[in-house]
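If you want the building blocks of each chain, they are given just below.
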Amino acid sequence: MKNNRLQGEGRINRNRPLNFIFNGKSYQGFEGDTLASALLANDVHLVARSWKYHRPRGILGSGAEEPNAIVQLEKGRLTVPNARATQVELYEGLQASSVNCWPGLEFDFLSINSLFSRLMPSGFYYKTFMWPKKLWMSYEHVIRKASGLGVSPELPDPDRYEKTYAHCDVLIIGAGPAGLMAALAAGKMSARVMLVDEQSEFGGSMLHSNETINGQPAQDWVSDTCEELASMQEVKLLPRSSAFGYHDYNFVTINERLTDHLPTGQKTGGRERLWKVRAKQVVLATGALERPLVFANNDRPGVMLSSAVMQYVNRYAVAVGQEIVIFTNNDSAYETAMTLLEAGLKVIAIIDNRINPGSSMADQLRSEGVKIIDQSVVVDVKGSKRINAVQVMSLQPGGDKVTGSVQTIACDLLAMSGGWSPVIHLSSQSGAKACWDDEKACFLPGVPIQHERSAGASNGCFDLKNCLSEGMLAGNEAAQQCGFEVDASIQLPVVNEVIFNRIKPLWLVPSMFKAGRGPKQFVDMQNDVAASDIMLAAREGYHSVEHVKRYTALGFGTDQGKIGNINGMAILAQSLQQNISETGTTTFRPNYTPVTIGSIAGMNLGGELFEPVRKTAMHGWHKQEGAEFENVGQWKRPWYYPRAGESMLDAVNRECLATRNSVGIIDASTLGKIIIEGKDSGEFLNRLYTNAWKKLDINKARYGFMLGEDGMVMDDGVTIRLEENKYFMHTTTGGAAPVFSWMERWLQTEWPELEVFLTSVTDHWATAAVVGPNSRKVVSAVCEGIDFDAQAFPFMSSREGLVNGIEARINRISFSGELAYEVNVPANYGLQMWESLMAAGEQYDITPYGTESMHVLRAEKGYVIVGQDTDGSVTPVDLGMDWVVSKVKDFIGRRSLYREDCVREGRKQLVGLLTLNGSDVLPEGGQIVEDPNASIPIPMIGHVTSSYYSANLGYSIAMALVKGGLSRMGETVHIPLADGKVIAAKISSSIFYDADGEKQNV
Amino acid sequence: MLQIPCPWCGIRDESEFSYGGEAHITRPLNSENLTDEEWADYLFMRKNTRGAFLEQWQHAQGCRRWFNIQRDTVSYKISASYKVGEQPPQGMGNEK
Amino acid sequence: MSDLQNGESPLVQIDFNQFEKVKGIKLTELKFQGHLNLRGRLNDKAFCKAISDAIGVELTSLKANTFILSEDFKVYWLGPDEWLIVTPPDQQLELKNTLQQALQGIFSSVTDVSSGQTIISISGFNARSLIEKGCTIDLHPRQFKKGDCAQTHLSKATVLLSVVKSSEAFEIIIRRSFADYLGLWLLDSSSEFV
Ligand SMILES: [Zn+2]
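Residues numbered from 1 in each chain as written. Chains lettered and ligands numbered in written order. Predicted model: local features only at pLDDT ≥ 70, side-chain atom pairs only at ≥ 80, totals over all residues. Heavy atoms only, no water.

### Observations regarding the sheet that holds strand β1 (residues 13–22) of chain A
Residue and element names in this part refer to chain A. Across the sheet, which stays open at both edges, the five strands sit in the order β2-β1-β7-β5-β6 with mixed pairing between neighbours. A single partner strand is all that each edge strand has here, and the edge strands are β2 (25–31) and β6 (80–84). Across this sheet, the average inter-strand angle for adjacent strands is 40°, counted without regard to direction. Bridge analysis of β1 against strand β7 (residues 94–98) gives three bridges, and the strand direction is parallel. By the bridge assignment, F22 is partnered in β7 with A96. (Pairing = 2+ DSSP bridges. Helix = DSSP H or I, 4+ residues; strand = E, 2+ residues; numbered from the N terminus. Axes fitted to C-alpha atoms, helices over the stretch in contact; angles between N-to-C directions.)

### Quick word on the coordination of the zinc ion
Residues and elements named next belong to chain B. Protein-derived coordination of the zinc ion comes from C6 (SG), C9 (SG), H59 (ND1) and C63 (SG), at a distance range of 2.0 to 2.4 Å. Taken together, the four donor atoms surrounding the zinc ion define angles of 105 to 117° at the centre, an arrangement classified as tetrahedral. Sequence spacing among the residues donating to the zinc ion works out to C-x2-C-x49-H-x3-C. Neither residue differs from the other here; H59 and C63 are each classed as buried. (Donors = N, O, S within 2.8 Å, 3.2 Å for Na, K, Ca; no water. Tetrahedral: all angles 85-135°; square planar, octahedral: opposite > 155°, others 65-115°. Buried < 20%, exposed > 50% of the residue type's maximum accessible area, 1.4 Å probe, protein only.)

### Concerning empty space enclosed by the protein
All names here are of chain A. Taken as a whole and assessed by the stated rule, the structure comprises six cavities of 30 Å³ or more. By volume, the largest cavity amounts to about 100 Å³. Considering only residue class, the lining of the largest cavity consists of eight nonpolar, five polar and two charged. Lining the lining of the largest cavity are residues from two domains, each supplying at least three of them: domain 2 (161–288 + 422–481) and domain 4 (513–587). (1 Å grid on protein atoms, 1.4 Å probe; cavity = no way out; pocket = protein on both sides within 12 Å on 5 of 7 lines; lining within 4 Å. Points joined across faces, edges and corners; volume = space filled by probe spheres on them. Nonpolar A, V, L, I, M, F, W, Y, C, P; charged D, E, K, R; others polar. Domains from an automatic or database assignment.)

### Here's the deal with the interface of chain C and chain A
Taken residue by residue, the interface counts 51 residues in chain C and 53 residues in chain A. Summed over the shared surface of chain C and chain A, the result is nine salt bridges. Our enumeration of links across chain C and chain A arrives at 27 residue pairs in polar contact (both at pLDDT 80 or more). If you list the elements that add at least two residues to the side of chain C that touches chain A, you get β2 (34–40), α2 (92–102), β6 (108–112), α3 (127–132) and α4 (176–189) of chain C. Here the residues of the side of chain C that touches chain A are counted per class, giving 13 nonpolar, 21 polar and 17 charged. (Contact = heavy atoms within 4.5 Å. Salt bridge = Lys/Arg side-chain N within 4 Å of Asp/Glu carboxyl O. Polar contact = N/O pair within 3.5 Å; in protein donor to acceptor, adjacent residues only side chain to side chain.)

### Re the packing of helix α8 (residues 332–342) of chain A against helix α9 (residues 360–367) of chain A
Two packed helices can be described by the angle between their axes and the distance between those axes. All names here are of chain A. Interaxial distance between α8 and α9 falls to 10 Å at its minimum, and their mutual angle equals 35°. α8 and α9 meet at a crossing whose hand is left-handed. Across the interface between the two elements, Y334, E335, A337, M338 and L341 of α8 pack against M361, A362, Q364 and L365 of α9. (Left-handed = near helix turned anticlockwise from the far one by under 90°.)

### A closer look at the pattern of salt bridges
As enumerated under the stated definition, the model contains 70 salt bridges over all chains in all. Residues A:E646 and A:R654 are paired through a salt bridge, measuring 2.6 Å at the closest nitrogen-oxygen approach. The exposure class assigned to A:R654 is buried, which follows from its relative accessible area of 18%. Here A:R894 and B:E32 are joined by a salt bridge, their closest N and O atoms 3.5 Å apart. Taken together, the residues A:R894 in the loop between α23 (851–860) and α24 (900–903) and B:E32 in the loop between β3 (18–22) and α1 (36–44) connect one chain to another. For A:R894, a relative accessible area of 9% gives the class buried.

### As for helix α22 (residues 830–841) of chain A
Residues and elements named next belong to chain A. Compared with an ideal rise of 1.5 Å per residue, which puts twelve residues at 16 Å, α22 spans 16 Å between its outermost C-alpha atoms and is within 8% of the ideal. Summarising burial for α22: ten of the twelve residues are buried, a large majority. Residues of α22 that are buried: G830, L831, Q832, M833, W834, S836, L837, M838, A840 and G841. (Expected span 1.5 Å × (residues − 1).)

### Observations regarding the packing of helix α7 (residues 306–316) of chain A against α8(A)
Residues and elements named next belong to chain A. Running from amino to carboxyl end, α7 crosses α8 at an angle of 30°, the nearest separation of the two axes being 9 Å. With respect to their mutual orientation, α7 and α8 come out roughly parallel. Once α7 is placed against α8, the crossing between them reads as left-handed. Judged by residue contacts, S306, S307, V309, M310, V313 and N314 of α7 engage A333, E335, T336, T339 and L340 from α8. For the contact of α7 with α8, a count of residues per class yields five nonpolar, five polar and one charged. (Parallel < 35°, antiparallel > 145°, perpendicular 65-115°, else oblique.)

### Section: the sheet that holds strand β22 (residues 389–395) of chain A
Residue and element names in this part refer to chain A. The sheet built from three strands is open, its strands ordered β21-β22-β23 with antiparallel pairing. Among the strands making up the open sheet, the edge pair consists of β21 (376–382) and β23 (402–410). With strand direction ignored, the average angle separating the axes of adjacent strands in the sheet is 25°. Pairing of β21 with β22 involves six bridges; the strand directions are antiparallel. Bridge pairing links K382 to A389 in β22.

Keep in mind these numbers describe shape, not what the thing actually does.
Below is the structure:
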């Protein structure tokens, strides 16, 4: 195996060799390598097959822009799809494989697509697979296998992902020369600075630059600056961190990779951290990406970006070729040539489309024997899995056609530079509209919409001196905007001045073929979009750049417009005979680079902390007694308490019978509780509830309905008058927060003249409802200071006493129709109160019951549950509860009760349903029809809202909303089930048990 | 995510607030005398302004106060925040 | 006077010993403090005077989102007409009676919520980093200083967060029913500091 490692130092640590496996073969690299640099060091150029034509592809770039070297990392639970090999730091034991290769990289069965590529133009998948529609599913299967990028892991992700909010004065994105200088400036001003960079090391292009700063190698300046920044207390440095989203109000999301660079066995703690940053000011120093040139077979392994070639040589000490040709339209590639010569590599020729591109570097190169062929272009390359020659032709004057004969130059590497595109992705995400610059032939960041500014290469400034000064200016200005004073001691580093000649744009390299003919000239390698595809799209009428993008897939995948966008738009503009500003660019959207779902989901995904679990003071007791729990809003409520061998139905039947025959106990702490105080409290309740409140006696309770302004039932509950001007309101469990907010809203916005204060006491009181004929005996045994005589403490009243010496409030109210008391104590003593009641109830076999039995008991009495028997379209009249609606006073929702729709005939009304066969239990939600044999679609006249088996009655009961139900008593209706069976039921009163209400008045 | 200025607590994250819709809608006092159409107009009809819009928010996970802001529904820029009962800054108002 | 021996704090299920292995974080519960919710109008001189006489705090000078220590009581601003008074254990009922006496005939409300919430104290050099994992508020000492408080959310629970010592010592008042969730969240979130 050939070793391409150079003598030079680079930034790798030769004392730390690292073993890794790629496509099943073992290789060795060094600490400091990326997977890409290590592969190139081992002379592995061929790393992938393209997704549509399955053409062999090599490494093109050196960073986030890499379109080809997309690998699947690791296996099983830890597998990562779509990693860019250029961004994967090498670690001991790394395993990776190419994506898009089946059965293998060297012989790819599907590369047959490549032979038929003429038959697979853009939009091919849309056109071919969209018809007939019913076959889409099977097409999709084929396409997924043949295309797409990596494979999603099928096992749960074992990693942990951290999340942190952060704030700073100045957030600087990109730690190249401009970013470092900005951080230094802002840091010296004592601003709170965050400096983030996607790479493991700060420095950006300085890490592979030949330039000097203050007379020292640029790398030395970088390390000195980093050291200085690290010593500043208010400066936070975040390497390995990609700012991937720039959102409203300077909210920037950053993905920090904590352990991806470590060997599998050494990873501890979270894998990644999502930083959610609010920055007062942002400096975008995100650099620029080099553009490829678009010529025939420009996707062959061995064709690379010029800057990447330089980076591999200087930073990783890897010779990516021995005999090198350079193809460029600007000066930056000349620096690559110098670098290659210094490294002892052979630069055969520089092909430049410009006329006599003279510069000091050109002269020097010529003197070292490099042939500079001006006014010429590379029209094609030879070789498939690795190039072995380039074909060069001269340009005609004007530059849009080639002329003369083809000159073939043997070489093993072509380094190309089509110019530079500032990374304006984040600027664009922030809302700034990119603008085209003809002189620089690139899009520049638009006028800032948010508090941000760009500096350095991302601002279209491509020389070091100006990068540093722009960086300093940006840092100063950003910190000044935050109120800090410029530190006068800061000095700009001294660098050599370089004169650059102007770039000559070259969007589509002319060739001997007609435009769009001949071998494919790739614009976007990742998505296999060639120049001909864009021209075809234009011919087919796609003129908007956004449409062309979707039609051709230009800029899809991990690319997101990094490699092909500008060339593609320029080619589109040419095809449409427009200029580039008229054509415009696509809108960049988050995410700049792919982000793991884990990072976005965060640390509590799916676990017990995903959503708050609210618990009552007696929760531990319920758990210990083996209760099954039900989620009610965020609360966990005991659902039923199964004993050994009991089914849910067994348990519920037992609980219901015990409660009606002796005594049961339920934790009712979750109900919302609100103290209403002030001289207008009664008036406020009058407006809030449908019934009247001012005449309620002190220590008496009343049931109330709350409606929305639309007249629909919103909440219900019992409210007690504690004092002349003080009430205690109960809401439903789920309604507590919204009702409290609703009440505050009316007081604050509509009725500020009312003297009413609200205080939530939901969490302060623990409540046990003791229910059943023996409840008085149990409660009176536990509560001191209260006369429990039936007349002295009648139904719907409230008393204060003591339980275990603690203040307690006992409400004689009932949601079951039984004699019942609700015992409230401060929740710190809730468990103690509960245990006392259990002890006192032991002789009556007191039975704890859960929400299911509570539902059955109330349904036996026909009591509604808001949210179960109502759905936001039900008025109190629909529920047959006109008695709770005052005819004389105004209240919220009253006017709506007289709207045409609320008084029409045939509204759904709440009724009872008794199945003809009492052992049939209707499914809740079941649709009700008159005639199950009617032709389909059968008109539906209502639905079942509540349905249970009642052990107390010995048959099933249900409640339902039925059109005109209250006038259909005794009629038989039908409920068809999913399995084809039909259950017949008779419409009845919804009160099934103790219709006269005697049991609660004993 | 927005940052919303509560007139009492200053700028806080959107996650602390809940939305209350269009501001300055007064509940009719004489609802008895309103036609169904007039009542429905109060009940259901809201502006869907493109641009500057006066709306109510509650600092739900903060001081629990309801208040008004002017927010641009295109740029999301908030240009005013004022207490309930106060009039919007001069020149601001939802279209009729 | 209630018997604290039989009371149970909302965080009874949380094993605070587990926080001992966490570096730079000391986490304790300030159990069974008295918590009184106070409502009244600042433009009502009688109200302000009654409070000032009873607890020595001028509510009109207590700025929004701050708290003040007065003798044994801490008074937190909750809203323009709402405050929280935290008392040492078992003093809340006495104070409540005192205040209600003083506020007779004045539009106000004094409500005991002592069992409805509890206080978690978090201090140490990692305290701020821990809270920042679930809190959108800027906790930097330049922004959130000793004596500041804020009602906000920590992860998904509503809390009253206050600074006892800038950047190093915080207190979180959490509603009872959310306390267990928050305790588990704190435990989980602090795992990176172990
Ligand atoms: Zn607020």
